[in-house]
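Observations on the model geometry
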Amino acid sequence: MKTPVLGLEGKVAIVTGAAAGLGRAFAGALAGHGARVAALDRDRGGIEATIEESHRGAGAKIVPYEVDVTSSAQVDATIRKVLDSFGQIDIVVNNVGIYPITPFMDISEELFDRVLSVNLRSVYLVCRAVIPHMVTRRYGRIVNIATTGFYRPGPGQAHYAASKGGVIGLSRALAAEFGNSGITVNCVAPGLTMTATVEEAYPEARIVELVRARAISRRENVEDVVGAVLFLCSDLSAFMTGQTVVVDGGRIMS
Ligand SMILES: NC(=O)c1ccc[n+]([C@@H]2O[C@H](COP(=O)([O-])OP(=O)(O)OC[C@H]3O[C@@H](n4cnc5c(N)ncnc54)[C@H](O)[C@@H]3O)[C@@H](O)[C@H]2O)c1
C-alpha cells in the first residue's frame, strides 16, 4: 500500500493565537506545507511577525485577522471574512490559551472566568462558527491544543487544568457528534514548551525539574509539537477522532 503524504497543499487552515509561541509555529508549518492560513490573534504586530518569519521560509500565504476570540460577534464576523476570502475552511487549530499560575485560594471569580473564556469558550465559539460549513462540505480537521497540565497539574493550575479538561471534553463530544459528517476532532497536549511566555512565567528551577522528569530529558521546543499537529490536520489521521496526543518527551505515559 502506498503511504499518503500530508496533502495539505491548497487546504485552508485557521490558527488561533498565531501571533506567538506554538501558534506561530503551527501557522508557519501549515503554510510551509502549502496550506493557506488565516492567522487569528488580538496582537496584530505579532501576526505580522509570524507572516514575515514564514515568508522567509517561502511558505504559502498567511493572512492576518485581528480578533478577540472570546467575543462571539468578532469570531462570527472573522469566520465570515475568512470564508469570503478563501471560499472554504478545511482545518482549524484552536491554539489560543493563557496559563497564569495562581494559588487556588487567590483565583478570583474574574480570573477563573477569564481563563475559562480564553481557553474554552473560544474553542466553542470558533467550532460553532466553522462546523456548519464543514458539515456542508462533509470535511473538517479540528485540532485543539490541550496540555499535560490536565493529566498532571502542578500547584497554581486549578483554573488552567479545568479549562483544558473542558477542551478535551468538548473535543470528544464534537468528535462523537460529527464523526459521520467527515469531521475529526482531536487534541494535542504538549508538555512545558519553551515559548517566550513560559520563559517569563516559569522559574528556571521548575523548568529543570520538569525536564528531569521526562524520559527524553531535554527542553521541549515549539518544533517538537508541530509534527503531531500536522498529522492530525492531514488525512493520515482520517480514522482518528476524539483522541488526545501527548507530546511531552515521555513524562506522562498513559
Ligand atoms: N507553552 C507551553 O508550555 C504550553 C504547554 C501546554 C499547552 N500549551 C498551550 O498551547 C497554547 C499556546 O501556548 P503558548 O505558550 O504558545 O502561548 P503564547 O502566550 O506564546 O501565545 C498565545 C497567543 O494567544 C493570543 N491570545 C491570547 N488571548 C487572546 C484572545 N482573547 N484573542 C485572540 N488572541 C489571544 C496572544 O496574543 C498570543 O499571541 C495555549 O493554549 C497553551 O495553553 C502551552
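Look up: the structure comes first, before these words.
What comes next is a walk through the structure.

**So, the sheet that holds strand S6 (residues 183–190)**
Here 7 strands make up an open sheet; going across it, the order is S3-S2-S1-S4-S5-S6-S7 and the pairing parallel. The sheet terminates laterally at strand S3 (62–66) and strand S7 (244–247), the two strands that pair on one side only. Averaged over all pairs of adjacent strands, the angle between their axes in this sheet comes to 20°, without regard to strand direction. Note that strand S5 (residues 140–145) and S6 share 6 bridges and pair parallel. Its bridge partner lying in S6, Ile142 is registered against Val185. Contacts from helix H4 (residues 109–137) reach strand S1 (12–16), strand S4 (91–94), S5 and S6 within the one sheet, and its direction differs from that of S4 by about 175°. In this fold helix H8 (residues 222–233) packs onto S1, S4, S5, S6 and S7, with an angle of close to 170° to the strand it touches most, S6.

**Here we look at the environment of Leu83**
Relative to the elements of secondary structure, Leu83 occurs in helix H3 (residues 72–86). Look at Leu83 and you get partly exposed, because 16 C-beta atoms sit within 10 Å. It is 16 Å that separates the C-alpha atoms of Leu83 and Arg141, two residues lying 58 residues apart in sequence. Excluding residues that lie within four positions of it along the chain, Leu83 makes contacts with Ile89 and His133.

**Quick word on the site of the ligand**
Around the ligand sit 28 residues, and of these Gly17, Ala19, Gly21, Gly97 and Thr197 come closest. When residues of the shell around the ligand are traced back to their parent elements, those giving at least two are helix H1 (21–32) and helix H6 (196–201).

**With respect to the nonpolar core**
Ala13, Val15, Leu30, Val37, Ala39, Val93 and Cys233 are the most contacted members of the largest nonpolar core, which totals 66 residues. The element contributing the most residues to this core is H4, with 11 residues.

**Description of H8**
In this model, H8 (12 residues) spans 17 Å end to end at C-alpha, consistent with the 16 Å of a helix rising 1.5 Å per residue. For H8, the complete set of buried residues consists of Asp224, Val225, Val229, Leu230, Leu232 and Cys233. Residues of H8 that are buried sit in contact with S1, H1, S4, S5, S6 and S7.

Calculation criteria
- Residues numbered from 1 in each chain as written.
- Predicted model: local features only at pLDDT ≥ 70, side-chain atom pairs only at ≥ 80, totals over all residues.
- Pairing = 2+ DSSP bridges.
- Helix = DSSP H or I, 4+ residues; strand = E, 2+ residues; numbered from the N terminus.
- Axes fitted to C-alpha atoms, helices over the stretch in contact; angles between N-to-C directions.
- Contact = placed C-beta atoms within 7 Å.
- Buried ≥ 20, exposed ≤ 12 C-beta atoms within 10 Å, placed from the backbone.
- Near = placed C-beta within 6 Å.
- Core = buried A, V, L, I, M, F, W, Y, C linked by C-beta atoms within 7 Å.
- Expected span 1.5 Å × (residues − 1).

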